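# Chain and residue survey
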Amino acid sequence: MSSGKIEDGLAGEDHGVTGPSGIQSVEIGLQILATLGRMGGVQQLSVVARACDMPRSKAYRYLVSLERSGFVDREPTTGRYMLGSECLKVGLSALGNVDFVKIASNQLSAICQDLRESVLLSVWSERGPTIVRWEDAGRQITVNVRVGSTMPLLTSATGQIFSAFLPEVLTRKLIEDEINSGTASQWGIKNWTDAGALLDDVRRTGLGRALGRMLPSIEAFSAPVFDQQGRLAGALTCLGLKDTFEASIEGRLALTLKAKADQISARLGYNGTFSR
């Protein structure tokens, strides 16, 4: 959000703006979208207006237009607002320009065939680990995640990779929220000591594991992909049904997944020296 109010009209020299003129109403709409993105979830009109430092009536007019164009959705029962499907398309398109996503996406179908399990790619966003690509192995797997979904940091294999290999300053708040909510307590993660032990194991094995943690019938492995600077670029995850998933970290599935992730890291220029 900008430091001052943005008024309707055209931005230009008459308004004290240097450089090329722009359409200020577009800037206001983008300001509202950016605010909704930072706040996350669904928000009341009054909350959005206050966060954008504008009258409710003005915020409402913009939200109506954004809803008509698909960039904002409005809950019919509560009247609260959230980012719409067009925002997701734009965001995923931007994420698709990341080298990791480009390179890994080209290999995803072949990786899926080699692993004989569904595979997905995830990158970090301000809301957490975000799925950007998905390749289905053709089995009947029912999961409540899809492209654009964000994953928990402790109870999902994907989230464990980001928790273990990203700088703690990026993940600490989300990890604390999960600990405080008690969602990971049934797996013995009740405090930071427990979380630290889990993440040490992820770094030691090079694998995130969610063996029935998110969904009782689904098991998953995830492996890190690093870039040229030795930083985490994203995660490569495979998942399948508990009855057929090869859950051993020394088994063919785990070893093949790690090898595929290492190959993508090599394509990105990773030299084997990890940096947080």
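What counts and what doesn't
One numbering rule holds for all chains: residues counted from 1, following each sequence as written. Two thresholds apply to this predicted model, a pLDDT of at least 70 for residue-level local features and 80 or more for giving and counting side-chain atom pairs, whereas whole-chain, interface and lining totals are computed over all residues. Working from all heavy atoms in the structure, the side-chain values ignore hydrogens and water. A helix here means a DSSP run of H or I that spans at least four residues, while a strand means a run of E at least two residues long, and both kinds are numbered starting from the N terminus. The classification of residues rests on relative accessible area computed with a 1.4 Å probe and restricted to protein chains. Under 20% of the type maximum is buried, over 50% is exposed, and intermediate values are partly exposed. Only heavy atoms matter for contacts: two residues are in contact if any of them lie within 4.5 Å across the pair. Working definition of a nonpolar core: buried Ala, Val, Leu, Ile, Met, Phe, Trp, Tyr and Cys residues. They are joined through side-chain atoms within 4.5 Å. In short, DSSP must find at least two bridges between two strands for them to pair. Expected helix span is given by 1.5 Å per residue-to-residue step, counting one fewer step than there are residues. A patch is a set of surface residues, each over 30% in relative accessible area and not in a salt bridge, joined within 9 Å for like charges and within 5 Å for the nonpolar side chains Val, Leu, Ile, Met, Phe, Trp and Tyr. Here, Shrake-Rupley sampling with a 1.4 Å probe gives the accessible areas, and only protein chains in the shown set may cover a residue. Each salt bridge in this description consists of a side-chain nitrogen of Lys or Arg and a carboxyl oxygen of Asp or Glu lying within 4 Å of one another. Each Phe, Tyr or Trp ring, with Trp reduced to its six-membered ring, pairs with another whose centre is within 6.5 Å; inter-plane angles below 30 degrees give stacked pairs, above 60 give edge-to-face pairs, and intermediate values give tilted ones. Site definitions follow a grid-based scheme: protein atoms alone, a 1 Å grid, a 1.4 Å probe that fits but cannot get out for cavities, and for pockets an open set with protein on both sides within 12 Å along at least five of seven lines, plus lining residues having an atom within 4 Å of a point. Grid points are joined across faces, edges and corners, and a volume is the space filled by probe spheres set on the points. Here the nonpolar group is Ala, Val, Leu, Ile, Met, Phe, Trp, Tyr, Cys and Pro; Asp, Glu, Lys and Arg are the charged ones; every other residue, Gly included, is treated as polar. For every element, the axis is a line fit to its C-alpha atoms; helices are fit only across the contacting stretch, and the angle between N-to-C directions ranges from 0 to 180 degrees. Convention used here: angles under 35 degrees read as roughly parallel, angles over 145 as roughly antiparallel, angles from 65 to 115 as roughly perpendicular, and any remaining angle as oblique. Throughout, a crossing is termed right-handed when the near helix is turned clockwise from the far one, and left-handed when it is turned anticlockwise from it by less than a right angle.

### Considering the overall build of the chain
Summing up its helical and strand segments, the chain has 9 helices and 9 strands in all. The 276 residues of the chain split such that 43% are buried. For the chain, long-range pairs separated by at least 24 residues make up 55% of all intrachain contacts whose partners lie at least 6 apart in sequence.

### Brief notes about the nonpolar core
Residues F100, F221, L236, C238, L257 and I264 are the most contacted members of the largest nonpolar core, which totals 26 residues. Those elements that place two or more of their residues in this core are α5 (99-115), β5 (118-125), β8 (218-226), β9 (232-241) and α9 (252-267). With 8 residues, the single largest contributor to this core is α5. Apart from the residues lying within four places of it in its own chain, the contact partners of F100 are S105, L121, S122, V123, V225, A233, G234, A235, I264 and L268. Membership of the second largest hydrophobic core comes to 18 residues, among which are A164, I175, A184 and V202.

### Details of the pairing of strand β6 (residues 128-135)
Regular strands have side chains that alternate between both faces of the sheet. Taken together, the 7 bridges between β5 and β6 define a ladder with antiparallel strand orientation. Directly across from S125, in β6, lies its bridge partner G128.

### Description of α9
Its 16 residues give α9 an end-to-end C-alpha distance of 23 Å, which sits within 8% of 22 Å, the value for a rise of 1.5 Å per residue. Lining the buried residues of α9 we find α5, β8 and β9.

### With respect to a nonpolar patch on the surface
Taken together, the side chains of I23, V26 and L30 define a hydrophobic patch exposed on the protein surface, amounting to about 280 Å² of accessible area. When you line up the elements, L30 lands in helix α1 (residues 24-39).

### Looking at the packing of aromatic side chains
This model, assessed by the stated rule, comprises 4 aromatic pairs. Both rings, one in W124 and one in F162, keep their centres 5.9 Å apart while their planes meet at 35°; by these two values the pair is tilted. One end of the pair, W124, is in strand β5; the other, F162, is in helix α6 (residues 157-165), and 38 residues separate them in sequence. Given a relative accessible area of 22%, W124 falls into the partly exposed group.

### Observations concerning the pairing of β8
Summarising burial for β8: 9 of the 9 residues are buried, a large majority. Pairing geometry for strand β7 (residues 208-211) and β8, over 4 bridges, is antiparallel. Across the sheet, R209 pairs through a bridge with F221, a residue of β8. The pairing of β8 with β9 spans 9 bridges and is antiparallel.

### Digging into the layout of surface pockets
In this structure, the largest pocket occupies an estimated 930 Å³ of space. Forming the walls of the largest pocket are 29 residues, and the residues nearest its centre are L83, C87, L88, R127 and G148. Elements with a minimum of two residues in the lining of the largest pocket: α1, β4 (81-83) and α4 (85-95). With 7 residues, α4 is the largest single contributor of residues to the lining of the largest pocket. Looking at the lining of the largest pocket residue by residue, the class counts come to 13 nonpolar, 11 polar and 5 charged.

### Some words on the pattern of salt bridges
Counted under the stated rule, the structure contains 9 salt bridges. Among the ionic pairs, R172 bridges to E168, the shortest N-O distance being 2.5 Å. Here E168 and R172 lie together in helix α7 (residues 168-181), a separation of 4 residues that amounts to about one turn. According to the relative accessible area criterion, E168 is partly exposed, its value standing at 39%.

### Quick look at the sheet that holds β6
Adjacent strands of a sheet form backbone hydrogen bonds with each other and so pair up, either parallel or antiparallel. The sheet built from 5 strands is open, its strands ordered β6-β5-β9-β8-β7 with antiparallel pairing. A single partner strand is all that each edge strand has here, and the edge strands are β6 and β7. On average, adjacent strands in this sheet sit at an angle of 25° to one another, irrespective of strand direction. Here α6 sits on the sheet and contacts β5, β6, β7, β8 and β9; the angle it forms with β8, its principal contact strand, is near 35°. Contacting β8 and β9, α9 crosses the sheet at an angle of about 25° to β8.

### Some remarks on the packing of α7 against helix α8 (residues 192-205)
The angle between the axes and the distance between the axes are what describe a pair of packed helices. Between α7 and α8, the least distance of the axes is 11 Å, while the angle of their chain directions is 125°. Taken together, the axes of α7 and α8 are oblique relative to one another. For the crossing formed where α7 meets α8, the hand is right-handed. Facing α7, whose interface residues are E168, R172, I175, E176 and I179, α8 presents W192, A195 and L199. Taken together, the residues of the contact of α7 with α8 sort by class into 5 nonpolar, no polar and 3 charged.

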